[in-house]
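Letter by letter, the chains look like this.
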Amino acid sequence: MVFGMVMGVWFIVVGAYSFYFAFMMRQTGVIKTGWIVSKHVQLKDSRDLPAFIEIAVKKTNIFAAIATIGGFLFLIAVATNFFTLMLVCILVLIGAYVWYSSVIRSAEKKYLSPSLSKKNKKK
């Protein structure tokens, strides 16, 4: 039961931080590497940083809402010993994480990878 409560709170915290991160990314235009973008990505050489930020903010907010709501539902399921709801919450949260990671990685490749013309000009 304690592990379930910790897990529910963890999902709520991840969701809350994701909302905060998306808000700060939109306000400042700065992307924190390591949270949403791999550390190996060179942001100064990106193709279209504002477009990436716009997509990342929308998708991060969707993920944050799912994580926060899922965390609260998970806490309710743990408190009431409703194991079916716990299982559904876990599957939805894992699915949301996989979806979010996939969407962000494809946007990273599309908007943050240096363009081929820049690479050719450097040679």
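Residues numbered from 1 in each chain as written. Predicted model: local features only at pLDDT ≥ 70, side-chain atom pairs only at ≥ 80, totals over all residues. Heavy atoms only, no water.

### So, the overall build of the protein chain
Step number 1: The helix and strand inventory of the protein chain stands at four helices and zero strands.
Step number 2: Ordered by position from N to C terminus, the α and β elements of the protein chain give α-α-α-α.
Step number 3: By its C-alpha atoms, the protein chain is 65 × 25 × 20 Å across when sized along the principal axes.
Step number 4: Excluding contacts between residues fewer than 6 apart, the proportion of contacts in the protein chain whose partners are at least 24 apart in sequence is 77%.
Step number 5: For the protein chain, the computed accessible surface area is about 7,800 Å², with 70% contributed by carbon and sulfur atoms.
Step number 6: Counting 15 positive and 4 negative side-chain charges, the protein chain places the averaged centre of each group 4 Å from the other. (Helix = DSSP H or I, 4+ residues; strand = E, 2+ residues; numbered from the N terminus. Contact = heavy atoms within 4.5 Å. Areas by Shrake-Rupley, 256 points an atom, 1.4 Å probe, with all protein chains shown as cover. Lys, Arg positive; Asp, Glu negative; His and termini not counted. Charge placed at Lys NZ, Arg CZ, Asp CG, Glu CD.)

### Considering the packing of aromatic side chains
Step number 1: Taken as a whole and assessed by the stated rule, the structure comprises five aromatic pairs.
Step number 2: Taking the centre distance of 6.0 Å and the plane angle of 45 degrees together, the rings of Tyr-17 and Tyr-20 count as tilted. Of this pair, Tyr-17 and Tyr-20 both sit in helix α1 (residues 2-28), three residues apart, roughly one helical turn.
Step number 3: Overall, the relative accessible area of 27% leaves Tyr-17 in the partly exposed class.
Step number 4: Classification of Tyr-20 as partly exposed rests on a relative accessible area of 47%.
Step number 5: Ring geometry for Phe-63 and Tyr-100: centres 4.7 Å apart, planes at 15 degrees, overall stacked. (Phe/Tyr/Trp six-rings, centres within 6.5 Å; stacked < 30°, edge-to-face > 60°. Buried < 20%, exposed > 50% of the residue type's maximum accessible area, 1.4 Å probe, protein only.)

### Digging into the environment of Phe-83
Step number 1: Here Phe-83 shows up in helix α3 (residues 83-112).
Step number 2: Separated by 15 residues in the primary sequence, Phe-83 and Val-98 have C-alpha atoms spaced 23 Å apart.

### Regarding the confidence of the model for the protein chain
Step number 1: Here the protein chain averages 88 in pLDDT, while 93% of its residues score no lower than 70.
Step number 2: Highest mean pLDDT in the protein chain belongs to helix α2 (residues 49-80) (95); lowest belongs to helix α4 (residues 116-122) (48). (pLDDT = per-residue confidence, 0-100.)

### A short note on the nonpolar core
Step number 1: Of all hydrophobic cores here, the largest spans 20 residues; its most connected members are Met-25, Ile-31, Ile-36, Val-37, Phe-52, Ala-56 and Ile-104.
Step number 2: Listed by contribution, the elements that provide at least two residues to this core are α1, α2 and α3.
Step number 3: Excluding residues that lie within four positions of it along the chain, Met-25 makes contacts with Val-30, Ile-31, Ile-36, Ile-53, Ala-56 and Val-57.
Step number 4: Met-7, Phe-74, Ala-77 and Cys-89 belong to the second-largest nonpolar core, a separate cluster that totals eight residues. (Core = buried A, V, L, I, M, F, W, Y, C linked by side-chain atoms within 4.5 Å.)

### As for the packing of α1 against α2
Step number 1: Packing of α1 against α2 brings their axes to within 7 Å, and their N-to-C directions diverge by 160 degrees. Overall, the two elements α1 and α2 adopt an arrangement that is roughly antiparallel. As α1 packs across α2, the resulting crossing turns out to be left-handed.
Step number 2: A per-class count over the contact of α1 with α2 returns 22 nonpolar, eight polar and two charged. (Axes fitted to C-alpha atoms, helices over the stretch in contact; angles between N-to-C directions. Parallel < 35°, antiparallel > 145°, perpendicular 65-115°, else oblique. Left-handed = near helix turned anticlockwise from the far one by under 90°. Nonpolar A, V, L, I, M, F, W, Y, C, P; charged D, E, K, R; others polar.)

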